[in-house]
Amino acid sequence: MSFVRLSLENFRRFPKAQFSFAETGLTLILGPNGAGKSTILETIYLLCMGRTPRDVRFSSLVHRGSTTAYFRVEAERPSGPGRSVAYLNGSAVVYHEGDQTVRRSDLIGKPPVILFSADEMRIVAGEPALRRRMTDRILSQERPEYLARLKRYTRAVEERNALLRDDMPPDPGSWMALDETLAADGSEILSARRGFLRDVSADLPDTLKSLGSPHLAERIRIEPAETIRGEYLNALIDARPQDRGAGHTTVGPHRDDIRFWDQTLPAAETVSQGETRILSLALKLIESRRLAAVSQPILLCDDLFSELDGVRRDAVTAFLAAYPGQVLLTSCLALPDPLLAAVRLTLTLE
Amino acid sequence: MKLLTHLAEQFNKLPGVGPKTALRLAHHVLFSMTPEDVNVFAAALTDGKRRLQTCRTCFSIADGDDCAICKNPNRDTGVILVVADIRDLLAVEETGMFKGRYHVLGGLLSPMQRIGPDKLRIGELRERLKAGQVREVILGTVPTAEGEVTAHYLMDKLRDCGVKITRISAGIPVGGSLEYMDAMTVTRAILNRQDMRAGQEQG
Ligand SMILES: [Zn+2]
């Protein structure tokens, strides 16, 4: 699946604008910094994920010079339900597929998108939320029921936190019922994440080799962080005094993490900047292969080549040039010739 | 102007009606409806509120002490479906598949909305179960976070009543209300209910 035309109204730096993309293969988006290249990728991301890559407030997306607090973006598909629309209504965004209003959760993964950006390159050493988001993003796009369960779990955590913050001592029956609800959904989420991690671990060595880094393939392992010891419900019950003190739930999937190991040491402490990028890139390639099993993802590459050195540029060029789906690539650099040869359409912003 | 804004404010108090819609509705009442239509509309509101009674047994809507379902001798007194509110009851009734009786809790447990067990009709449900005629109680709360919490709570509180406890299987996707499910989904959820005690032993 792909989008062939994008219309922006009152969005970021565009009072009104229209862009066309190649249905498959590479569309190159050129222009100086601040011309709105990333905005185009951000819009596609919003239409496919129901949020922006950096989770900014929707109201901040409105064009600065606008007198109304309103934006509207629309993308046209070559086939299927026609167009996808998102517009601001108050502080929320309303989504349409064709002529139907759809919920955010019905949007996700149709089609899947994968963003290659500088932010995403911090996955190894960045904050745990980045790694949780990677896992949740992929599993949610693969399986709607994972997303539904995650939403229900998140809501149950909020309910439990409200109970913890009450001035009155929590009612024991309600507390137990909440812990049982959290444990039921939480253990499903954790086991889905473990399965995901096993798959990624199995794919990682070969992917790293394909990126010209056989030495990293030998060294790096990925493991779930041991956030929960023993049985989950018992862990929740054990954590009650500390949770009541903290005023929030301290154990569970919302605190989960992934550890990258470099042999026996945490990889965050040992790998170089360049190696971090290769690892991040390898994870992105695994993400795109996985999601392709559901539906060919749209690749959004934000200034990807400024992050890469020679060998990696060749490997990524080969990957993008041969990619069977839609690729939107922004750049303000000169690109490798083999990549330029694969470009189907070029947009130049001013 | 005062007339219009005052009426709009009243509509604005209704769930799901924002200021813009409220103004549109108020405008419609004042400028498009006939005086007769307005009288019928107003009477439905005041009469409805004045004559509304809840069934003394199941807390559904009733004309007198008892609701039509509790009065109906053809409804099985041995099975009780527990629902959060009257809207869920109506969704199940629409399917025509359920032949037992109901118990309307009056909400779902939610610390965020300050709804504790004392706000729900749980003691009344225990009394009904203890009276001895009931074989099975089906926990029919929706599969949202609050619906699940309420089901877990009830399972624990009803355990000693000596009645089989089952839970509707609506499964995931979640977040919906029975109100929005179609007839097939509701029917399937009731038919596919699971024995909570059996589930617990396995777990
Ligand atoms: Zn009744």
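In the block above lies the structure referred to throughout.
Numbering of residues begins from 1 in every chain and follows the order in which that chain's sequence is written. Throughout, the order in which chains and ligands are written sets their labels, letters from A for the former and numbers from 1 for the latter. Side-chain atom pairs in this predicted model are given and counted only at pLDDT of 80 or more, local residue features only at pLDDT of at least 70, and totals for whole chains, interfaces and linings cover all residues.

An account of the nonpolar core is requested, with residue identities and associated values reported.
A set of buried residues drawn from Ala, Val, Leu, Ile, Met, Phe, Trp, Tyr and Cys, joined through C-beta atoms within 7 Å, is what defines a nonpolar core. Here exposure depends only on C-beta density: within 10 Å of a residue's C-beta, 20 or more other C-beta atoms make it buried, 12 or fewer make it exposed, and intermediate numbers make it partly exposed, the C-beta atoms being placed from the backbone. Counting 123 residues, the largest nonpolar core has Ile 44, Ala 282, Leu 300 and Leu 328 of chain A together with Val 82 and Ile 138 of chain B as the members making the most contacts within it. Take this core: its biggest share by element is eleven residues, from helix α5 (residues 172-210) of chain A. Apart from residues lying up to four places away in sequence, Ile 138 of chain B is in contact with Val 79, Ile 80, Leu 81, Val 82, Thr 166, Ile 168, Ile 190 and Arg 193 of chain B. Only DSSP runs of H or I with at least four residues qualify as helices, and only runs of E with at least two residues qualify as strands; both kinds are numbered from the N terminus onward. Contact definition: two residues whose C-beta atoms, as placed from backbone geometry, lie within 7 Å.

Account for the sheet that holds strand β12 (residues 298-302) of chain A, with residues named and values stated.
Residues and elements named next belong to chain A. Here five strands make up an open sheet; going across it, the order is β8-β12-β13-β3-β14 and the pairing parallel. With partners counted over all chains shown, the strands left at the sheet margins are β8 (113-116) and β14 (343-348), one partner each. Looking at each pair of strands side by side, their axes are set apart by 15° on average, direction ignored. Strand direction decides the pairing type here: β12 and strand β13 (residues 326-331), joined by four bridges, are parallel. Pairing of Leu 299 across the sheet is with Val 327, part of β13. Taken strand by strand, helix α10 (residues 273-292) contacts β8 and β12, and its axis lies near 170° from that of β8. Here, a strand pair is defined by DSSP locating no fewer than two bridges between the strands. Every angle, taken between N-to-C directions, lies between 0 and 180 degrees, and every axis is a line fitted to C-alpha atoms, over only the stretch in contact when it is a helix.

For the pairing of β12 of chain A, give the residues involved together with the corresponding values.
It is a general feature of regular strands that their side chains alternate between the two faces of the sheet. Residue and element names in this part refer to chain A. With five of its five residues buried, β12 lies for the most part within the structure. What you see with β12 is no split at all: Ile 298, Leu 300 and Asp 302 on one side and Leu 299 and Cys 301 on the other are buried throughout. With four bridges joining them, β8 and β12 adopt parallel strand pairing. From the neighbouring strand, Phe 116 faces β12, where its bridge partner is Cys 301. By the criterion used throughout, a crossover qualifies as right-handed when its path from the first strand across the helix to the second strand runs clockwise, the strands pointing away from the viewer. Assessed by its sense of winding, the connection that carries the chain from β12 through helix α11 (residues 310-321) to β13 is right-handed.

Now, about unusual backbone geometry: what can you tell me, with residues and values included?
All names here are of chain A. That bond from Lys 110 to Pro 111 is cis: its omega, -5°, falls within 30 degrees of zero. Secondary-structure assignment places Pro 111 in the loop between α2 (104-107) and β8. Positive phi values are uncommon outside glycine, yet Asp 55 reaches one of about 55°. As for its placement among the helices and strands, Asp 55 is situated in the loop between α1 (37-49) and β4 (72-76).

Could you give an account of the interface of chain A and chain B, with specific residues and numbers?
Counting residues at the interface gives 21 residues for chain A, matched by 19 residues for chain B. When residues of the side of chain A that touches chain B are traced back to their parent elements, those giving at least two are α4 (144-165) and α5 of chain A. Element by element, the count of residues in the side of chain A that touches chain B is highest for α4 of chain A, at twelve residues. For the side of chain A that touches chain B, the class distribution of residues is eight nonpolar, three polar and ten charged. Gly is placed with the polar residues, together with every amino acid not listed as nonpolar (Ala, Val, Leu, Ile, Met, Phe, Trp, Tyr, Cys and Pro) or charged (Asp, Glu, Lys and Arg).

Describe the sheet that holds strand β10 (residues 258-262) of chain A, and please don't skip the residues or the numbers.
Residues and elements named next belong to chain A. Spatially, β9-β10-β11 is the arrangement adopted by the three strands of the open sheet, whose pairing is antiparallel. The outermost strands of the open sheet, each flanked by one partner alone, are β9 (220-224) and β11 (265-266). With two bridges joining them, β10 and β11 adopt antiparallel strand pairing. Residue pairing for β11: Trp 261 is matched across the bridge by Pro 266. Lying over the sheet, α5 contacts β9 and β10, oriented at roughly 175° with respect to β9.

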